[in-house]
Amino acid sequence: MSKPDQGEPSAVVMDRPPHRSLTFIALVFAGGVAGTLCRVWLNGLVPSPQDLPLPTLAINLGGSFLLGLLLEGLLRTGPDRGGYLMVRLLLGTGFLGGFTTYSAFALEAIVLAADGASGFAAAYVAVSLLGGVLLSFAGIGVGAAVARGRQGRPDTRSEMDLP
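Keep in mind that what you see is a predicted model, and the values were worked out from it rather than measured.

A. Spatial organisation of helix 4 (residues 82–99). The terminal C-alpha atoms of helix 4 lie 24 Å apart, and with 18 residues this matches the ideal 26 Å at 1.5 Å per residue to within 8%. The largest bend in helix 4 amounts to roughly 25° and is located at Leu-89. Taken residue by residue, helix 4 has Gly-82, Leu-85, Leu-89, Gly-92, Gly-94, Leu-96, Gly-98 and Phe-99 as its buried positions.

Written out as structure tokens, the structure is:
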């Protein structure tokens, strides 16, 4: 087996297992920082009436949809290596991993229950978990529909539009 061209970035990175690659770790870190900053920013924008954890719910549900959409899109574009792997790590593991938050969800459910709102706590947990699963499937469905639309759509550009 010949060694890959060392000038290609994905070839250099793949010499190590992905979890030990500094390039991949840096991608996840950068994406995670950006995702966390977006979550903090959105957390301040979404209202929290009667101290209900609507910001975290909205962020986690939106992140579930986006993760399904992203992963379906990547799955349909090529194998999980090279640039596709880097995009998945940057946006999926990094950005959306930092954007969504299981720890805040768990803490908020416990606080609701401890404050005597056990019905709200149970509903919050149910909507978060079931909604997350359903919205991830919705993201997968939208990603599949977009891919099917691209495959069946003829090129509508005329010769005048070409560079």
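After that view of the structure, there is still more to cover.
B. Quick look at the packing of helix 2 (residues 22–45) against helix 4. Their axes nearest at 6 Å, the elements helix 2 and helix 4 cross at an angle of 35°. Two packed elements cross with a definite hand, and for helix 2 against helix 4 that hand is right-handed. Counted by class, the contact of helix 2 with helix 4 contains 13 nonpolar, eight polar and one charged residues.

C. Focus on the packing of helix 3 (residues 54–77) against helix 6 (residues 118–152). At a minimum axis distance of 7 Å, the contact between helix 3 and helix 6 shows a crossing angle of 30°. Taken together, helix 3 and helix 6 sit at an angle that is classed as roughly parallel. Crossing of helix 3 over helix 6 shows right-handed handedness. Here the contact of helix 3 with helix 6 is built from residues that sort into twelve nonpolar, nine polar and two charged.

What counts and how
Residues numbered from 1 in each chain as written. Predicted model: local features only at pLDDT ≥ 70, side-chain atom pairs only at ≥ 80, totals over all residues. Heavy atoms only, no water. Helix = DSSP H or I, 4+ residues; strand = E, 2+ residues; numbered from the N terminus. Expected span 1.5 Å × (residues − 1). Bend = angle between axes of the 7 residues up to and from the residue. Buried < 20%, exposed > 50% of the residue type's maximum accessible area, 1.4 Å probe, protein only. Axes fitted to C-alpha atoms, helices over the stretch in contact; angles between N-to-C directions. Left-handed = near helix turned anticlockwise from the far one by under 90°. Nonpolar A, V, L, I, M, F, W, Y, C, P; charged D, E, K, R; others polar. Parallel < 35°, antiparallel > 145°, perpendicular 65-115°, else oblique.

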